[in-house]
Amino acid sequence: MPGSVHSQDAQDQSMMDVEQPQDELMLDERRILVLPGSSETAASFQFEGEGHTMGNALRFAIMKNPAVDFCGYTIPHPSDAKMHLRIQTSDSTTALEALEKGFNDLMDLCDVVTEKFTVARDQFNEENSNKMQS
Amino acid sequence: MAPLVPSQEELQRRRIIGVNAETVTNIPSTDFPGHWPGESHGWALDQFKNDFKVEYHRNDPYEASFSLIGLDAAVANAFRRILMAEIPTLAIETVYVHNNTSVIQDEVLAQRLGLIPLKGSVEGINWMQWEQKAPGDEGSAAPELTDFNTVVMQLDIECTQNPDVADDETDPRKLYNNAHVYSKHLTFTPVGRQEQFFVGDGAIRAVQPDILIAKMRPGQKIEMELHCVKGIGADHAKFSPVATASYRLLPDIQILRPIIGEDAKKFAKCFPKGVIGLEPVTSEEASRAGSGYEGHAGEQKAVVKDAFNDTVSRECLRHEEFQGKVKLGRVRDHFIFNVESSGQFESDTLFLESVKVLKLKCARWKRGLNDLMA
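Just so you know, these numbers come straight off a predicted model, no measurement behind them.

**Details of the overall build of chain B**
And step 1. Each helix and strand counted, chain B has 10 helices and 18 strands in total.
And step 2. Computed over C-alpha atoms, the radius of gyration of chain B comes to 29 Å, more than 25% over the 21 Å expected from 2.2 N^0.38 for 374 residues, which places it beyond the range of a compact globule.
And step 3. Taking the principal axes of its C-alpha atoms as reference, chain B extends roughly 90 × 75 × 35 Å.
And step 4. Looking at chain B as a whole, 31% of its 374 residues qualify as buried.
And step 5. In chain B, of all internal contacts separated by at least 6 residues, the share reaching a separation of at least 24 is 74%.

Take a look at the structure:
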């Protein structure tokens, strides 16, 4: 197909194609594993390619759940890019549900941070441009 | 039973980490369900929305400073770590040396080139795709090079004699042409759809034009093709979008008992300028029994003006006369961020990007969770 006959639509389409596989590519080799010895309410999960960044933030979010009795994370060996997350819950929920709620809460938190940060920044920029003018 | 709600004073007390002469106290956060009997502390989005605050202190393109208030250290630290290691940027990754007769070796030159921060149209850089190398995947077949994953730059430069120079000239920069190779000598040619993004001001170039890459003498020559790709700081520090990204906790100074007169002056000297101020003791204070100011009307007393700029050096705790009169601390959930961009993106954008990355990671793992549930 000659480049000059690219319609605007076709271009948008190809750009979307580009965005799609990017996400999947990264997901490919990263999987959550349930470590042996788990029960409904107590389980250890292994996250491949994850570290303290996600581990500690997720631990915080899960510990904020009142139905969770225990949550902790560890990186068993520093040269293995693996993070283990242990969740023990009361009978009212399951470890898996607690993990899912952790993800949801963390994502909600991110939305609030983005929103408040943008507002504060725009306000600051406005005040400063006013100062510059006066 | 409705959950107990602790008083404001109690909450304030819990927010302060004590900094003593040799020790720290009240270190871990305790706002979790089950820690304080009867109190809730469960995750509540509405409450977080109410409590969380952002204060901006500075917003320059390459340096931003702001406070995030009401966050847990785990989350603040996640943002900081993502800023340094997980936001994709463009850097020189592969160097094809066609000719290099300079004294600096190929591999050393390639390493130096990789570290040069590049900038260009942000839209274009965002459009570019990046691919994370699988761990231990060095040396495997390189992905196909296309306009959306590789930016090609050239470094073609030769050092020559400068014929019109005075006989007694000793400065090699005047004596020869191109004696010094700078980052401004990197040239960029867009290919494919890059022609739409990286044109004019949006062209890919070094952030600083005067980074010294190599030195040459007449007859020496460097001809190289440089392939830039997007990557993350976790893979190599050259991909890190920030020069520094750090936070500190807001210092807290409490004067428990009056510090008056000469002592007040000495006390102020224990802190950076502007942190402690001197104010005259009012007659009202002096007349109040048990205030500690009795009979000191008109004398100078020490007051906390601006704890923000304190370094928490703990100098005041070394002096006998201030024993028991002052309490130093830091506010547990007040993070003063300092983000210094290396030039590819603006600092405030970088922080927003880090929040986005954390959310994206959560979304991605959550999708992986569905496989487990099935």
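Still more ground to cover, so stick around.
**Some thoughts on the interface of chain A and chain B**
And step 1. At the junction of the two partners, chain A supplies 42 residues and chain B supplies 41 residues.
And step 2. Counting only elements with at least two residues in the side of chain A that touches chain B, the list comes to helix 1 (8–27), strand 1 (32–34), helix 2 (52–63) and helix 3 (95–133) of chain A.
And step 3. Counting residues per element, the side of chain A that touches chain B draws most heavily on helix 3 of chain A, at 19 residues.
And step 4. Taken together, the residues that form the side of chain A that touches chain B break down as 26 nonpolar, seven polar and nine charged.

**Observations regarding the packing of helix 2 of chain A against helix 3 of chain A**
All names here are of chain A.
And step 1. Where helix 2 meets helix 3, the axes come as close as 8 Å, and the angle between the chain directions of the two elements is 105 degrees. If you check the angle between helix 2 and helix 3, you find them roughly perpendicular. On helix 3, the residues that touch Ala57, Leu58, Ala61 and Ile62 of helix 2 are Ala98, Leu99, Gly102, Asp105 and Leu106.

**So, unusual backbone geometry**
Residue and element names in this part refer to chain B.
And step 1. The backbone phi angle of Asn26 is positive, close to 55 degrees, even though this residue is not glycine.
And step 2. Along the polypeptide, Asn26 turns up in the loop between strand 2 (24–25) and helix 2 (45–51).
And step 3. Residue class for Asn26 comes out partly exposed when judged on the 15 C-beta atoms lying within 10 Å of it.
And step 4. Look at Asn178: it is not a glycine, yet its phi comes out positive at around 60 degrees.
And step 5. In this structure, Asn178 sits in the loop between strand 9 (176–177) and strand 10 (180–182).

**Some details on helix 2 of chain A**
And step 1. Across its 12 residues, helix 2 of chain A extends 16 Å between first and last C-alpha, which sits within 8% of the 16 Å expected from 1.5 Å per residue.
And step 2. Among the 12 residues in helix 2 of chain A, 10 count as buried, and that is most of the element.
And step 3. Within the span of helix 2 of chain A, buried status applies to A:Thr53, A:Met54, A:Gly55, A:Ala57, A:Leu58, A:Arg59, A:Phe60, A:Ala61, A:Ile62 and A:Met63.
And step 4. Elements that come into contact with the buried residues of helix 2 of chain A comprise strand 2 (42–48), strand 3 (68–74), strand 4 (82–89) and helix 3 of chain A together with helix 3 (73–85) and helix 10 (347–373) of chain B.

**Observations concerning the pairing of strand 4 (residues 63–69) of chain B**
Residue and element names in this part refer to chain B.
And step 1. Covered by surrounding structure in strand 4 are Ala64, Phe66 and Leu68 only, the residues Glu63, Ser65, Ser67 and Ile69 on the alternate face being uncovered.
And step 2. Pairing of strand 3 (residues 53–60) with strand 4 involves seven bridges; the strand directions are antiparallel. Bridging from a neighbouring strand, Glu55 pairs with Ser67 of strand 4.
And step 3. Two successive antiparallel strands, strand 3 and strand 4, enclose a turn made up of two residues.
And step 4. By the bridge criterion, seven bridges tie strand 4 to strand 18 (residues 326–341) in an arrangement that is antiparallel. Residue pairing for strand 18: Ala64 is matched across the bridge by Val339.

**Looking at the domain arrangement of chain B**
And step 1. Taken domain by domain, chain B comprises domain 1 (50–87 + 331–374), domain 2 (89–129 + 145–240) and domain 3 (257–324).
And step 2. Each of domain 2 of chain B and domain 3 of chain B was reduced to a C-alpha centroid, and the two centroids are 57 Å apart.

**What to know about the UniProt feature "domain: DNA-directed RNA polymerase RBP11-like dimerisation" (unreviewed entry) in chain A**
And step 1. UniProt feature "domain: DNA-directed RNA polymerase RBP11-like dimerisation" (unreviewed entry): in the numbering of this structure it lies at residues 43–115 of chain A.
And step 2. What you have in residues 43–115 of chain A is 45% helix and 29% strand, and the ends, taken at the C-alpha atoms, are 34 Å apart.

**Comments concerning the sheet that holds strand 11 (residues 187–188) of chain B**
All names here are of chain B.
And step 1. Spatial strand order, 5-14-7-11: four strands in an open sheet with antiparallel pairing. Two strands in the sheet have a free side with no partner beyond their single neighbour: strand 5 (89–100) and strand 11.
And step 2. Strand direction decides the pairing type here: strand 5 and strand 14 (residues 221–231), joined by 10 bridges, are antiparallel. By the bridge assignment for strand 14, Val97 is matched with Met224.
And step 3. Here helix 4 (residues 106–114) sits on the sheet and contacts strand 5 and strand 14; the angle it forms with strand 5, its principal contact strand, is near 155 degrees.

**Considerations on the environment of A:Ala42**
And step 1. When you line up the elements, A:Ala42 lands in strand 2.
And step 2. In this structure the C-alpha to C-alpha distance between A:Ala42 and A:Val68, which are 26 residues apart in sequence, comes to 9.7 Å.

**Comments concerning the packing of helix 3 of chain B against helix 10 of chain B**
Residue and element names in this part refer to chain B.
And step 1. Packing of helix 3 against helix 10 brings their axes to within 9 Å, and their N-to-C directions diverge by 110 degrees. One way to sum up the angle between helix 3 and helix 10 is to call them roughly perpendicular. Facing helix 3, whose interface residues are Ala78, Phe79, Ile82 and Leu83, helix 10 presents Leu350, Phe351, Ser354, Val355, Val357 and Leu358.
And step 2. In the contact of helix 3 with helix 10, the residues fall into nine nonpolar, one polar and no charged.

**Some remarks on the sheet that holds strand 1 of chain A**
And step 1. What the four strands build is an open sheet, ordered 1-2-4-3 (chain A); its pairing is antiparallel. Looking at which strands have only one partner, the edges of the open sheet turn out to be strand 1 and strand 3 of chain A. On average, each strand axis in the sheet is tilted by 20 degrees relative to the strand beside it, whichever way the strands run.
And step 2. Sheet topology note: the strand 3 of chain A/strand 4 of chain A ladder contains six bridges and is antiparallel. The residue bridging A:Thr74 from the neighbouring strand is A:His84, located in strand 4 of chain A.
And step 3. In this fold helix 3 of chain A packs onto strand 2, strand 3 and strand 4 of chain A, with an angle of close to 115 degrees to the strand it touches most, strand 4 of chain A.
And step 4. Contacts from helix 10 of chain B reach strand 1 and strand 2 of chain A, with the element oriented near 40 degrees to strand 1 of chain A.

Calculation rules
- Residues numbered from 1 in each chain as written.
- Chains lettered and ligands numbered in written order.
- Predicted model: local features only at pLDDT ≥ 70, side-chain atom pairs only at ≥ 80, totals over all residues.
- Helix = DSSP H or I, 4+ residues; strand = E, 2+ residues; numbered from the N terminus.
- Rg over C-alpha atoms; globule rule 2.2 N^0.38 Å.
- Buried ≥ 20, exposed ≤ 12 C-beta atoms within 10 Å, placed from the backbone.
- Contact = placed C-beta atoms within 7 Å.
- Nonpolar A, V, L, I, M, F, W, Y, C, P; charged D, E, K, R; others polar.
- Axes fitted to C-alpha atoms, helices over the stretch in contact; angles between N-to-C directions.
- Parallel < 35°, antiparallel > 145°, perpendicular 65-115°, else oblique.
- Expected span 1.5 Å × (residues − 1).
- Pairing = 2+ DSSP bridges.
- Domains from an automatic or database assignment.
- UniProt positions renumbered as here; feature names shortened; annotations may be inferred.

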